Amino acid sequence: MKTLIWIVLLVPSIAFSQIKPGQKDDVVKIHHLINHYAEARENQDTVLLKSILTEDVDQLVSSGEWRTGIREAVDGMLRSSTSNPGTRTLEVEKIRFLSDDIALVDCRYVIKNPSGESRNMWSSFTVVFKKRDWKIAAIRNMNPSGGN
């Protein structure tokens, strides 16, 4: 009976696992990419931002503003970091590979402002493998109203 329970619990987790053995290096690289994004936002580092975003990146922020293209995205990120000061933390919760060179990355996104209050959100990143590197092609920030 114990063997049957283990089979019932273990087989689905192995069969439906999102990360294949060959993708482990990519998972590490994607984690680094998200960390670089957070670092670039924190330090308002436009050189780093431009190196990790695709030229046609688009971003939907929690206010509903769309930013299309790298220039508009970077300018908007700088404005947002200035008008909403605080420490930004992105914690990768899940990576889902859609193909060998496209993945969705879901992150908890917390902005802790100088007074100590935290704004708890979610961010989803569409990342693509281009020219030997993972880059951010799209960002969706969400400010859930419940169940956070």
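As a reminder, the structure under discussion sits directly above these lines.
Residues numbered from 1 in each chain as written. Predicted model: local features only at pLDDT ≥ 70, side-chain atom pairs only at ≥ 80, totals over all residues. Heavy atoms only, no water.

Chemist: Teacher, can you tell me more about the side chain of Thr54 here?
Modeler: With respect to the element layout, Thr54 can be found in strand 1 (residues 53-60). Polar side-chain contacts of Thr54 include one of 2.9 Å to the side chain of Asp56. Excluding anything up to four places from it in sequence, Thr54 contacts Ile70, Val128, Lys130, Lys135, Ile136 and Ala137. (Helix = DSSP H or I, 4+ residues; strand = E, 2+ residues; numbered from the N terminus. Polar contact = N/O pair within 3.5 Å; in protein donor to acceptor, adjacent residues only side chain to side chain. Contact = heavy atoms within 4.5 Å.)

Chemist: So what exactly am I meant to see when it comes to the pairing of strand 4 (residues 102-112) here?
Modeler: Consecutive residues of a regular strand have side chains that alternate between opposite faces of the sheet. Only one face of strand 4 is covered, namely the one carrying Ala103, Val105, Cys107, Tyr109 and Ile111; the face carrying Ile102, Leu104, Asp106, Arg108, Val110 and Lys112 has none of its residues buried. Counting the residues that bridge the hairpin from strand 3 (residues 87-99) to strand 4 gives two residues. Bridge analysis of strand 4 against strand 5 (residues 118-130) gives 11 bridges, and the strand direction is antiparallel. Each residue of the ladder has a partner; that of Asp106, found in strand 5, is Ser124. Counted along the chain from strand 4 to the antiparallel partner strand 5, the turn is five residues long, and its residue Gly116 has a positive phi close to 100°. (Buried < 20%, exposed > 50% of the residue type's maximum accessible area, 1.4 Å probe, protein only. Pairing = 2+ DSSP bridges.)

Chemist: Where do I start with the nonpolar core in this structure?
Modeler: Inside soluble globular proteins, nonpolar side chains tend to come together where they are buried. Ranked by internal contacts, the top residues of the largest apolar core, which has 31 residues, are Tyr37, Leu53, Val105, Phe125, Val127 and Ile136. Those elements that place two or more of their residues in this core are helix 2 (24-43), helix 3 (46-52), strand 1, helix 4 (70-83), strand 3, strand 4, strand 5 and strand 6 (133-142). The element best represented in this core is helix 2, accounting for seven residues. When neighbours within four sequence positions are excluded, Tyr37 is seen to be in contact with Leu49, Ile52, Gln59, Met77, Leu90, Phe125, Ile136 and Ile139. (Core = buried A, V, L, I, M, F, W, Y, C linked by side-chain atoms within 4.5 Å.)

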